[in-house]
Amino acid sequence: LKRDSAIQAEVDNRSIHRVLLNLLHNALDAVRERHGNSGEGWVKLRADLDEQKQTVTIMVQDNGVGIAPERLEKIFEVFQTTKGDRGTGLGLAVTRKIVENHRGAITLESELGKGTTFVIRLPVRQRRPTATTTTTRSARTEMSKRRVE
């Protein structure tokens, strides 16, 4: 893996933007629910390039409330939400579909009361000719670790 270099991958910019916004929004909600305005909460976003496997890995991690084990199996299904009336249950279903449309995969690990990590793996090259190239700076570097106020 190259350190501190740009990552280039053929993706639909708007779709991947939607994926990242959804995951980051969910992470911020989880952190606020657990930590409120204490300054103890954090969200990390990281991107890595594996040149040998020709894949980009994107990780979104938080130290929020986590997801109960019994909910993990269905978390990517339509109308499944951990937010009660505040959620539609569409965000993660749409996120998974977008990632799969890019020939990628999304996984998660979560521990109730400790936080959640989503990992997206995407091929560097897409088969679709309509995909555009996106560049992400600071590969293999923690891109952000910010206190949630």
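Everything numeric here is computed off the predicted structure, so don't read it as measured data.

Peer 1: Even after reading the chapter, I still don't get the pattern of salt bridges, so can you show me in this structure?
Peer 2: Pairing is possible between side chains that carry opposite charge, provided their charged atoms lie close to one another. Within this structure, the stated rule accounts for three salt bridges. With a shortest N-O distance of 3.7 Å, Glu 10 and Arg 125 are connected by a salt bridge. Highlighted residues: Glu 10 in strand E1 (residues 7-11) and Arg 125 in the loop between strand E5 (115-123) and strand E6 (132-136), separated in sequence by 115 residues. When the shortest N-O distance is used, the salt bridge between Glu 100 and Arg 96 registers 4.0 Å. Taken together, the positions of Glu 100 and Arg 96, both in helix H3 (residues 91-101) and four residues apart, correspond to about one turn of that helix. Accessibility expressed as a relative area gives 43% for Glu 100, which makes it partly exposed.

Peer 1: Would you mind going over unusual backbone geometry with me for this structure?
Peer 2: Negative phi values dominate among residues other than glycine, just as trans dominates among peptide bonds. The phi dihedral of Gln 54 is positive, around 55 degrees, even though this residue is not glycine. Judged by its relative accessible area of 38%, Gln 54 falls in the partly exposed class.

Peer 1: Which parts of the structure should I look at to understand H3?
Peer 2: Each α-helix turn comprises 3.6 residues. Residues three or four places apart therefore point the same way. Among all positions of H3, only Leu 92, Ala 93, Thr 95, Ile 98 and Val 99 are buried. Considering only its buried residues, H3 is in contact with helix H1 (13-35), strand E4 (105-111) and E5. Phi turns positive, to about 60 degrees, at Arg 103, one or two residues after H3.

Peer 1: Where do I start with the nonpolar core in this structure?
Peer 2: General note: in soluble globular proteins, nonpolar side chains tend to be found buried as a group. Ranked by size, the top nonpolar core spans 26 residues in total, and within it Leu 23, Val 56, Ile 106, Ile 120 and Leu 122 carry the most contacts. Elements with a contribution of two residues or more to this core: E1, H1, strand E2 (42-50), strand E3 (55-62), H3 and E5. Ranked by residue count, the leading element in this core is H1, at five residues.

Peer 1: When you look at the packing of H1 against H3 in this model, what are you seeing that I'm missing?
Peer 2: For any two helices packed against each other, one specifies the crossing angle of their axes together with the interaxial distance. The interhelical angle for the contact between H1 and H3, taken along N-to-C directions, is 145 degrees, at an axis separation of 9 Å. Crossing angle aside, the handedness with which H1 passes H3 is left-handed. Packed against H1, whose contacting residues are Ser 15, Ile 16, Arg 18, Val 19, Asn 22, Leu 23 and Asn 26, the element H3 presents Gly 91, Leu 92, Val 94, Thr 95, Ile 98 and Val 99 at the interface. Within the contact of H1 with H3, the residues separate by chemical class into seven nonpolar, five polar and one charged.

Peer 1: In this structure, what is going on with the packing of aromatic side chains? I would like to understand it.
Peer 2: Aromatic rings in a pair are described by how distant their centres are and how their planes are angled relative to each other. Counted by the stated rule, this structure contains zero aromatic pairs. Above the plane of the ring of Trp 42 lies Lys 44, whose end atom (NZ or CZ) is 4.8 Å from the centre.

Rules and cut-offs
- Residues numbered from 1 in each chain as written.
- Predicted model: local features only at pLDDT ≥ 70, side-chain atom pairs only at ≥ 80, totals over all residues.
- Heavy atoms only, no water.
- Salt bridge = Lys/Arg side-chain N within 4 Å of Asp/Glu carboxyl O.
- Helix = DSSP H or I, 4+ residues; strand = E, 2+ residues; numbered from the N terminus.
- Buried < 20%, exposed > 50% of the residue type's maximum accessible area, 1.4 Å probe, protein only.
- Contact = heavy atoms within 4.5 Å.
- Core = buried A, V, L, I, M, F, W, Y, C linked by side-chain atoms within 4.5 Å.
- Axes fitted to C-alpha atoms, helices over the stretch in contact; angles between N-to-C directions.
- Left-handed = near helix turned anticlockwise from the far one by under 90°.
- Nonpolar A, V, L, I, M, F, W, Y, C, P; charged D, E, K, R; others polar.
- Phe/Tyr/Trp six-rings, centres within 6.5 Å; stacked < 30°, edge-to-face > 60°.
- Lys NZ or Arg CZ within 6 Å of the ring centre and 35° of its normal.

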